[in-house]
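Each chain, letter by letter, is given below.
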Amino acid sequence: MNEPLKHKLFSVYGLLLKQETLELAWKKVKENRGCAGIDKVSIQEFEENLDENLSLIFTELKTKTYKPSPVQRKYIPKKNGKRRPLGIPTIKDRIIQQALKMKLEPFFEETVFHDNSCGFRPNRDAELVLKKIITRLDNGYVYIYDFDIKSYFDKIPHKKLMKVLNKYVSDGTVLDMIWKWLKAGYMEDGTVKHNMSGAPQGAVISPLLSNIYLNELDWELDKGGFEFVRYADDAVVMCKSKEELEQAKVLVNKVLNELGLEIAEDKTKDIDFHDDDFNFLGFRFQHIKKSAKGNSYYILTASEDTIKQFRREIKELIKKTYTFSFEKWREILNPILRGKFNYMIIANKAVKAVKDKYRELNNGMVCKCIHSSGYINHLDSKIRHRLRVAFANRGKKTARYRDGYMLTLKYPNSFFVSTLGITTGGYLNRKVWNENLTIEEYIEKIKVRSSKKADKTAFMKYALAK
């Protein structure tokens, strides 16, 4: 795994000693926002003396007196109830890391990284992951080793990481700077602590370093002839037989052991897609079924955890005691709903892209994947109802959940799109297949659907009347 590369990077450090490089790095750091590091200097405060601060960074790099600061340790909650540690570097450290990343990344993208590595890379995202998985399932790769690496970012061995970096980078000054970042430690409760392993999540350079390290696993799987898809530390190896699956498991565990990493057993399982479902990146692949005509198909939808998490966030955002104006509701909800729904509909986009590709190739392939979007309409409905309950609370000390139903006629489904103007998952999802669909056309479809539902309800009341 540590075979030397014929073409290595030389004299990278000199590329950092340009004012325009630091200025561009600063712009990217500013775009990413983020809070202050241990020096308490925020983005806004740094910008107040921008020229002076960038000049100081340039001088430290030129004289090789730059010394990184420990990162600020913070925690964010995980889905399993545990907390994920983040390391927040200072603005100065972020700028230098961003500058180095800008100079290293193109080389690794063009020369080193495997095509099946999709996380934390330019022009690669979760949609590409779904497309790769769908095409492999369609081609019979239905025995799957779904594995996760235990505390990956915290467990990367520093010396082994540097040994891998030495295969690709010959600039000693750059390697020394990366080593100092890894060894800078973190500050928690006013005390600086040091780790023997790990690349802090939150540092600009960490995603690149993590991909460089796991690239070793990617190419070992490739040499073994296995199909796989990796997104950061989550990966699936896809096989055509149970025997091949067992071989893949042996290879993955062998390579990870050599890298000083460990499988997270509670998040790792063998899957026979004929009978078993599996989740990946917040989406659920439901196992192969047979249609009435005997055709095989499988369903792609959001995972149960993703839907539950979204519903919890909706509940926190739209409390029945809130009495905001329509404009305020729009301001609060739209940025969050837009991000959530845009992520969810990539499943629909992936299915469409695969179908379009098969049609273009005209090779007889049929996409067996179906995107089930009922959950999107369900979430739209939950948002509308919670807003109706909030509207019913205006001027009252209390409001019952069922009071929202009393406002269905006053605030029909179309109202939330046309008048309130909140982001609607149903509209975004329909636009995947009909890019020219206007919001006015969607509103008309909502009205027609609502009237049919009302007619059906009225008929059922009449039919069941005594």
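Along each chain, the written sequence defines residue order, and numbers are assigned to residues from 1. Local features in this predicted model are restricted to residues of pLDDT 70 or higher, and side-chain atom pairs are both shown and tallied only at a pLDDT of 80 or more, whereas totals for entire chains, interfaces and linings draw on every residue. Hydrogen atoms and water are omitted, and side-chain values are computed over all heavy atoms in the structure.

A.B. asks: Help me understand the packing of aromatic side chains, please; the structure alone is not making it clear to me.
C.D. replies: The way to describe two aromatic rings as a pair is by their centre distance and the angle between their planes. Stacked, tilted and edge-to-face are the three classes applied to pairs of Phe, Tyr and Trp rings, where Trp contributes its six-membered ring and a pair requires centres within 6.5 Å; stacked means planes under 30 degrees apart, edge-to-face means over 60, and tilted covers the rest. Following the criterion strictly, the structure yields 24 aromatic pairs and no others. Note on Tyr-152 and Phe-153: the rings are 5.6 Å apart at their centroids and 65° apart in plane angle, and the pair reads as edge-to-face. For the pair Tyr-152 and Phe-153, one class covers both residues: buried. The rings of Phe-326, Phe-391, Tyr-411, Phe-415 and Phe-416 are connected pair by pair, giving a single aromatic cluster. We call a charge positioned over a ring when the NZ of a Lys or the CZ of an Arg lies within 6 Å of the ring centre and within 35 degrees of the ring normal. Looking at Arg-73, its charged tip hangs above the ring of Tyr-186, at a distance of 3.7 Å from the centre. We note Lys-352 situated over the ring of Trp-433; from NZ or CZ to the ring centre the distance is 5.9 Å. Working definition: with a 1.4 Å probe on protein chains only, accessible area under 20% of the residue-type maximum means buried, over 50% means exposed, and in between means partly exposed.

A.B. asks: Is there a simple way to explain the confidence of the model for the protein in this structure?
C.D. replies: When pLDDT drops low, the exact placement of atoms in the prediction is not to be read closely. What pLDDT reports is the predictor's confidence in each residue, on a scale of 0 through 100. Overall, the predicted model of the protein reaches an average pLDDT of 91, with 93% of residues at or above 70. Residues count as neighbours in contact if any of their non-hydrogen atoms are within 4.5 Å of one another. The low-confidence segment residues 458–462, where pLDDT is below 50, has zero contacts with residues more than four positions distant or belonging to other chains.

A.B. asks: Which parts of the structure should I look at to understand the nonpolar core?
C.D. replies: Note on soluble globular proteins: their nonpolar side chains tend to be buried together. Within the largest apolar cluster, 98 residues are counted, with the highest numbers of intra-cluster contacts made by Ile-95, Ile-133, Ile-134, Phe-147, Val-237, Leu-256 and Phe-285. By convention a nonpolar core is built from buried Ala, Val, Leu, Ile, Met, Phe, Trp, Tyr and Cys residues, the set being connected through side-chain atoms within 4.5 Å. Counting residues in hydrophobic clusters, the runner-up holds 28 residues, among them Ile-314, Trp-329, Ile-422 and Val-432.

A.B. asks: When you look at the pattern of salt bridges in this model, what are you seeing that I'm missing?
C.D. replies: Any two side chains of opposite charge can pair, given that their charged atoms come close. A pair is scored as a salt bridge if a Lys or Arg side-chain nitrogen falls within 4 Å of a carboxyl oxygen belonging to Asp or Glu. This model, assessed by the stated rule, comprises 22 salt bridges. For Lys-193, the salt bridge goes to Glu-188, with nearest N and O atoms at 3.8 Å. With relative accessibility at 32%, the residue Lys-193 sits in the partly exposed group. Notably, a salt bridge pairs Arg-230 with Asp-218, separated by 2.8 Å at the nearest N-O pair. With Arg-230 in strand E6 (residues 227–231) and Asp-218 in helix H10 (residues 206–223), this residue pair connects regions lying twelve residues apart in the sequence. When sorted by exposure, Arg-230 lands in the same class as Asp-218, which is buried. Note on conventions: DSSP H or I runs of at least 4 residues are helices, E runs of at least 2 residues are strands, and numbering of each starts at the N terminus.

A.B. asks: Looking at this structure, how should I read the sheet that holds strand E9 (residues 278–280)?
C.D. replies: Within a beta sheet, neighbouring strands are joined by backbone hydrogen bonds and run either parallel or antiparallel to one another. Pairing in this open sheet of four strands is mixed, and the strands run E9-E10-E11-E12 from one edge to the other. In this open sheet, the two strands that pair with only one neighbour each are E9 and strand E12 (369–371). For this sheet, the mean angle separating the axes of adjacent strands, direction not counted, is 30°. What makes two strands pair is DSSP finding at least two bridges between them. Looking at chain direction, strand E10 (residues 283–290) and strand E11 (residues 296–302) are connected through six bridges and run antiparallel. Along E11, the bridge assignment pairs Phe-285 with Leu-300. Orientation is described by lines fitted to C-alpha atoms, with helices fitted over the stretch in contact, and by angles between N-to-C directions that extend from 0 to 180 degrees.

A.B. asks: It is not clear to me how the sheet that holds strand E7 (residues 234–239) should be interpreted in this structure. Could you clarify?
C.D. replies: Ordered by their spatial adjacency, four strands build an open sheet running E6-E7-E3-E8, and the pairing between neighbours is antiparallel. Strand pairing shows two members of the sheet lacking a second neighbour, E6 and strand E8 (269–272), which therefore form its edges. The sheet shows a mean angle of 15° between the axes of neighbouring strands, direction not considered. In the sheet, strand E3 (residues 143–148) pairs with E7 via six bridges, with the strands oriented antiparallel. Within E7, the position partnered with Asp-146 by the bridge is Val-236. This element, helix H6 (residues 126–138), spans E3, E6 and E7 of the sheet and lies at about 160° to E6.

A.B. asks: Before we go on, may I ask you to explain empty space enclosed by the protein in this structure?
C.D. replies: Gaps left between atoms are located by rolling a probe of water-molecule size over the structure's atoms. Points on a 1 Å grid, built from protein atoms alone, make a cavity when a 1.4 Å probe fits but cannot get out and make a pocket when they are open with protein on both sides within 12 Å along at least 5 of 7 lines; residues with an atom within 4 Å of a point are the lining residues. Grid points are joined across faces, edges and corners, and a volume is the space filled by probe spheres set on the points. Throughout the structure, instances matching the rule amount to two cavities of 30 Å³ or more. Lining of the largest cavity is provided by 15 residues; of these, Val-71, Gln-97, Trp-181, Pro-200 and Ala-203 occupy positions nearest its centre. Looking at the lining of the largest cavity, the elements that each hand over two or more residues are helix H5 (91–112), helix H9 (172–183) and H10. Here the term charged refers only to Asp, Glu, Lys and Arg, the term nonpolar to Ala, Val, Leu, Ile, Met, Phe, Trp, Tyr, Cys and Pro, and the term polar to all other amino acids, Gly among them. For the lining of the largest cavity, a count of residues per class yields eleven nonpolar, three polar and one charged.

A.B. asks: Help me understand a positive patch on the surface in this model?
C.D. replies: Each patch is built from salt-bridge-free residues with over 30% relative accessible area, joining like charges within 9 Å and nonpolar side chains (Val, Leu, Ile, Met, Phe, Trp, Tyr) within 5 Å. Accessible areas in this description were obtained via Shrake-Rupley with a 1.4 Å probe; residue shielding takes into account the shown protein chains only. A residue counts as positive if it is Lys or Arg and as negative if it is Asp or Glu; His and the chain ends are not included. By convention, the point assigned to a charge is CZ for Arg, NZ for Lys, CD for Glu and CG for Asp. Residues Lys-82, Arg-84, Lys-150, Lys-155 and Lys-267 make up a contiguous surface patch of positive charge. Within the element layout of this structure, Lys-155 appears in helix H7 (residues 152–155). Lys-155 sits in the partly exposed class, given a relative accessible area of 44%.

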